[in-house]
Amino acid sequence: MRPPTTSVAAEATRVVGAARTMRVRSASAPPPGRPVNEDLVFRFGPLVGVLDGATVPEGFDTGCVHGTAWYVRHLAARLGLAEAIRPTATLMSNLAAAILAVRADHGGECDLDHPGTPSSTVCLLRDGGDHVDHLVLCDSPLVLDVGGTVDVVTDDRLDSAMADLRATGAAVPTGSADPVDRTRRAVVQRERMNRTHGYWVAAAEPDAAFHAVTGTLPLRGPGAVRRAALLSDGASALVEQFGLLDWAGLLDVATAEGPGALIDRVRAAERDHPDRLRRHKRADDASVVFCEFDSDRP
């Protein structure tokens, strides 16, 4: 048997408290050969999440002395603290509080109005006992098995805002390492960040949280949530870019083989099907949080 390629993996765990019936498994890993993972998976009681920090092209100024990985770690910690202090608050409200707290964590050392300031997507799921709340901000989708029907919660505003840039970038060879080209892409993308006609992501402005895609679903009855997968776009690429699974198949692999197996498949796809990639990177951080709910809830 091959050793797992994931750098962070969690075995099935029964979460205490309101989430007693939610079993959680997770995995997260940077691409081979890169030591820093700018994704992060976490679990704080009934709250689970995936954060995907935006990679900064080499030579691109951010106005921040800390970096993306620092931002992601602090955002996760602040989300956990917000959940502990205000467990009945909305996910949007707690995310806004977390973003505001991380803004203070910078300690006045950084230019937080800089368009390159560190940022992260957010995908959250919270077990409320008889229901789940969810939040998606930017391109980290949530895949749900709801009463046997697969549904996907997405925030496609980044893709919509970047459609023109993607079309222009199609002429650039896959995996281009041209720093001028990569910086140009980053500048155009950041100009549309957290703008009404652009896209929204966790960065330095708490208001972004209130533009997230949110919802509540039951955990009881015929329309109950049975399974859920929170994904960074590095993991959702199996469906969205490589087309090697559909969403139902992704849930089935996670159920039978675990989140680490999904990341193994991502690495194989990046190696064997680079022509199917729509991003400029040959490989990306990949993260999965997989939740299963007891089927015996009335």
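A quick note: this is a predicted structure, and the numbers were derived from the prediction, not measured. (Residues numbered from 1 in each chain as written. Predicted model: local features only at pLDDT ≥ 70, side-chain atom pairs only at ≥ 80, totals over all residues. Heavy atoms only, no water.)

Colleague: So what about the pattern of salt bridges? Which residues, and what values?
Modeller: Using the criterion set out here, one finds 13 salt bridges in the structure. For arginine 25, the salt bridge is made with glutamate 292, and the minimal N-O distance between the two is 3.3 Å. Residue arginine 25 is found in strand β2 (residues 22–29), and its partner glutamate 292 is found in strand β11 (residues 286–293); the two are separated by 267 residues along the sequence. Arginine 25 gets classed as buried once you look at its relative accessible area, which sits at 16%. What you see here is one network of salt bridges that share partners, running through Glu83, Arg126 and Asp133. (Salt bridge = Lys/Arg side-chain N within 4 Å of Asp/Glu carboxyl O. Helix = DSSP H or I, 4+ residues; strand = E, 2+ residues; numbered from the N terminus. Buried < 20%, exposed > 50% of the residue type's maximum accessible area, 1.4 Å probe, protein only.)

Colleague: Provide a residue-level description of the sheet that holds strand β3 (residues 39–44), including the pertinent values.
Modeller: Taken together, the 5 strands give an open sheet; going across it, the order is β3-β4-β5-β6-β9, and neighbouring strands pair in antiparallel fashion. Whereas interior strands pair on both sides, the edge strands pair on one side only; in this sheet they are β3 and β9 (213–218). Neighbour-to-neighbour, the strand axes of this sheet turn through a mean angle of 10 degrees, independent of strand direction. As defined by bridge partners, strand β5 (residues 120–127) adjoins strand β6 (residues 131–137) across 6 bridges and the pair is classed as antiparallel. (Pairing = 2+ DSSP bridges. Axes fitted to C-alpha atoms, helices over the stretch in contact; angles between N-to-C directions.)

Colleague: Explain the side chain of aspartate 285 residue by residue, including any values.
Modeller: Tracing the sequence through the fold places aspartate 285 in the loop between α8 (259–272) and β11. A polar contact is formed between the side chain of aspartate 285 and the side chain of arginine 34, at a distance of 2.3 Å. What aspartate 285 contacts, discounting residues up to four positions off in sequence, is Ala29, Pro30, Pro31, Arg34, Val36, Asn37, Glu38, Asp39, Ser232, Gly234 and Arg267. (Polar contact = N/O pair within 3.5 Å; in protein donor to acceptor, adjacent residues only side chain to side chain. Contact = heavy atoms within 4.5 Å.)

Colleague: Hey, could you go over the pairing of β2 for me, with residue numbers and the actual values?
Modeller: Of all 8 residues that make up β2, 7 are buried, and the element is covered over most of its length. Relative to β11, β2 runs antiparallel, the two being bridged by 8 bridges. Directly across from alanine 27, in β11, lies its bridge partner valine 288.

Colleague: Now, about the environment of histidine 106: what can you tell me, with residues and values included?
Modeller: The residue histidine 106 is located in the loop between α2 (91–105) and β5 in this model. Taking the relative accessible area as the measure of exposure, histidine 106 reaches 3% and is therefore buried. Between the C-alpha atom of histidine 106 and that of tryptophan 70, which follows or precedes it by 36 residues, the distance is 9.9 Å. Among residues more than four places away in sequence, those in contact with histidine 106 are Cys64, His66, Trp70, Tyr71 and Leu112.

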